[in-house]
Amino acid sequence: MNLRLTPIIISIAVSSLVLFGGWSVYHSVAMKNPIVETAKKFPGVEEASVEFAQGAVNLRLVVNKEADLHGVIDALHREAANAIGGRNLKIDIIDHASERLDEWWSQVLFEVAEVMEKRSYSDLPKILEANKLAGMSIDTAIDDTYVYIRLVDGDHVKFVLLERMPALMGVWTSE
């Protein structure tokens, strides 16, 4: 049997191109685009990009002070759930924080960490308001996964997502 090398190489190349090209188009159109489009439809989201890692979806958001992160993340879990699948959604927020906001946050961080550790989430707005600087506005929100904090000082904004820890159930023996 005499095999011709040129048609075999051409068919392998075409098959590979179709297979990997199709996978690339599917990955972009069916996986990345729904996540990016869902995030970009919210006011205040200037830029969104997605990267898929093993077991995680890394979402990078560039936001301004009009952004509603609670709404964005809630919409992503509802509208882009098929694209995210069972993966963990990891969010990297690029905001327009100032040195003043960063310093203020580092000063209240201990009290915030204590509130998060005790799971007394209703105390968080009280602590933030008691320590806020003149001209600063603070917004907080909460859901099953995160506590959302938005700090606005003039044209500068800092967003903080604090991951909530679920309550652990104890094990009781039937003695």
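Preceding this section is the structure that the text describes.
The shown structure was predicted, so the numbers you read here are calculated from the model rather than taken from an experiment.

Colleague: I tried to follow the pattern of salt bridges on my own but got confused; where do I start?
Modeller: Pairing between side chains becomes possible if they bear opposite charge and their charged atoms approach one another. Inspection of every chain in the model, using the stated rule, returns nine salt bridges. Arg 100 is paired through a salt bridge with Asp 153; the nearest N and O atoms lie 3.4 Å apart. Here the residue Arg 100 occupies a position in helix H4 (residues 99-118), and Asp 153 occupies one in strand E5 (residues 146-153), the gap between them amounting to 53 residues. Given a relative accessible area of 11%, Asp 153 falls into the buried group. Arg 150 is the partner of Asp 139 in a salt bridge, and the nearest nitrogen-oxygen pair spans 2.9 Å. Here Asp 139 is found in strand E4 (residues 136-142), whereas its partner Arg 150 is found in strand E5, with 11 residues between them in sequence.

Colleague: It is not clear to me how the sheet that holds strand E1 (residues 45-53) should be interpreted in this structure. Could you clarify?
Modeller: Backbone hydrogen bonds are what pair the strands of a sheet, in a parallel or an antiparallel way. Strand order in the open sheet made by the three strands is E1-E2-E3, with mixed pairing throughout. Both outer strands of the open sheet, E1 and strand E3 (88-94), are each paired with one neighbouring strand and no more. Across the sheet, the mean angle from the axis of one strand to that of its neighbour is 20 degrees, orientation sign disregarded. Two elements, strand E2 (residues 56-63) and E3, share seven bridges in a ladder whose sense is parallel.

So, how was this worked out
- Residues numbered from 1 in each chain as written.
- Predicted model: local features only at pLDDT ≥ 70, side-chain atom pairs only at ≥ 80, totals over all residues.
- Heavy atoms only, no water.
- Salt bridge = Lys/Arg side-chain N within 4 Å of Asp/Glu carboxyl O.
- Helix = DSSP H or I, 4+ residues; strand = E, 2+ residues; numbered from the N terminus.
- Buried < 20%, exposed > 50% of the residue type's maximum accessible area, 1.4 Å probe, protein only.
- Pairing = 2+ DSSP bridges.
- Axes fitted to C-alpha atoms, helices over the stretch in contact; angles between N-to-C directions.

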